[in-house]
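Observations on the model geometry
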Amino acid sequence: MEINQEKELLLAAKQALKNAYCPYSGFAVGAALRTRSGRIFMGCNVENASYGATLCAEQCAISKAVSEGEREFTAIAVVSAAGKWTPPCGICRQVLLEWMPEGQVVLEKEGEPVCYLVRDLLPAAFSQDNLSEE
């Protein structure tokens, strides 16, 4: 991915984190997901008093895209209001693997984009292949 595309996704993720609902943790997260067709879907974390019902920003962005008929994703950027390097949590890594195992995760470290392949963030992952009886 080109550096301009990475920065565009990071900017969209920063815009998304402004909508975060995080009264319990105070940790606002934004994500921006690029589809193969070039559309960008933004998501933010949406917390719940029952913590297990909290929706992470990455899952929010993917849900929005899937609900609008998109199924192929190339990259997702993730940022936090804390301004720190904010990699996806374990559950989000599993969700990302489902939708974009060859996709890129764009993070920001010291003001610069840093990219990882989703499959590299979750080695030896459980996938659809594990569900087959063959």
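Refer to the structure above for everything that follows.
Being a predicted model, the structure only gives us computed values, none of them experimental.

1. So, the overall build of the protein
Check the secondary structure of the protein and you find four helices and five strands. Scanning the protein from its N terminus toward the C terminus, one meets helices and strands in the order α-β-β-α-β-α-β-β-α. Over its C-alpha atoms the protein spans a radius of gyration of 14 Å, differing by no more than 12% from the 14 Å that the globule rule assigns to 134 residues. For the protein, the spread of C-alpha atoms along the three principal axes comes to 45 × 40 × 30 Å.

2. Brief notes about the layout of surface pockets
By volume, the largest pocket amounts to about 180 Å³. Along the wall of the largest pocket there are 15 residues; nearest its centre are Phe 27, Val 29, Asn 45, Cys 56 and Glu 58. Split by residue class, the lining of the largest pocket holds nine nonpolar, four polar and two charged.

3. Quick look at the packing of aromatic side chains
A complete count under the given rule lists three aromatic pairs for this structure. Relative to Tyr 51, the ring of Tyr 24 has its centre 6.0 Å away and its plane inclined at 65°; by these criteria the two rings are edge-to-face. Of this pair, Tyr 24 sits in the loop between helix 1 (3-16) and strand 1 (29-35) while Tyr 51 is found in the loop between strand 2 (40-44) and helix 2 (57-67), placing the two residues 27 residues apart along the sequence. A residue is classified by how much of its surface remains accessible, and Tyr 24, at 42% relative accessible area, is partly exposed. The class for Tyr 51 is exposed, based on a relative accessible area of 59%. Residue placement shows Lys 109 over the ring face of Trp 85; its charged tip is 5.4 Å from the ring centre.

4. Comments concerning the sheet that holds strand 2
Overall, mixed pairing links the five strands, which are arranged 2-1-3-4-5 in an open sheet. Across the chains shown, the open sheet's two edge strands, defined by having one partner strand only, are strand 2 and strand 5 (112-117). Direction aside, neighbouring strands of the sheet carry axes that sit 25° apart on average. When strand 1 meets strand 3 (residues 73-80), the two strands line up antiparallel, connected through seven bridges. Following the sheet pairing, Thr 35 is matched in strand 3 by Phe 73. Contacts from helix 2 reach strand 1, strand 2 and strand 3, with the element oriented near 140° to strand 2.

About the criteria used
- Along each chain, the written sequence defines residue order, and numbers are assigned to residues from 1.
- In keeping with the model being predicted, local features are shown solely for residues with a pLDDT of at least 70 and side-chain atom pairs are shown and tallied solely at 80 or more, while totals for entire chains, interfaces and linings include all residues.
- Hydrogens and water are ignored here; the side-chain numbers use all heavy atoms of the structure.
- Numbered from the N terminus, helices here are DSSP runs of H or I no shorter than four residues, and strands are runs of E no shorter than two.
- When we talk radius of gyration, it's over C-alpha atoms, and the globule rule is simply 2.2 Å times the number of residues to the 0.38.
- Lining residues are those with an atom within 4 Å of a point, where the points come from a 1 Å grid over the protein atoms alone and group into cavities, where a 1.4 Å probe fits but cannot get out, or pockets, open sets with protein on both sides within 12 Å along at least five of seven lines.
- Grid points are joined across faces, edges and corners, and a volume is the space filled by probe spheres set on the points.
- Under the scheme applied here, ten amino acids are nonpolar (Ala, Val, Leu, Ile, Met, Phe, Trp, Tyr, Cys and Pro), four are charged (Asp, Glu, Lys and Arg), and all others, including Gly, are polar.
- Two aromatic rings from Phe, Tyr or Trp, using only the six-membered ring of Trp, form a pair when their centres are within 6.5 Å; if the ring planes differ by under 30 degrees the pair is stacked, by over 60 it is edge-to-face, and anything between is tilted.
- Residue burial is assigned from relative accessible area. The probe radius is 1.4 Å, only protein chains are included, and a residue is buried under 20% of its type maximum, exposed over 50%, and partly exposed in between.
- Ring-over charges, as used throughout, are those where CZ of Arg or NZ of Lys falls within 6 Å of the ring centre and within 35 degrees of the ring normal.
- In this description, strands pair whenever DSSP reports at least two bridges between them.
- To get an axis, fit a line to the C-alpha atoms, keeping to the stretch in contact for a helix; angles then go from 0 to 180 degrees between the N-to-C directions.
- Residue contacts are defined here by distance: any two heavy atoms, one from each residue, within 4.5 Å place the two residues in contact.

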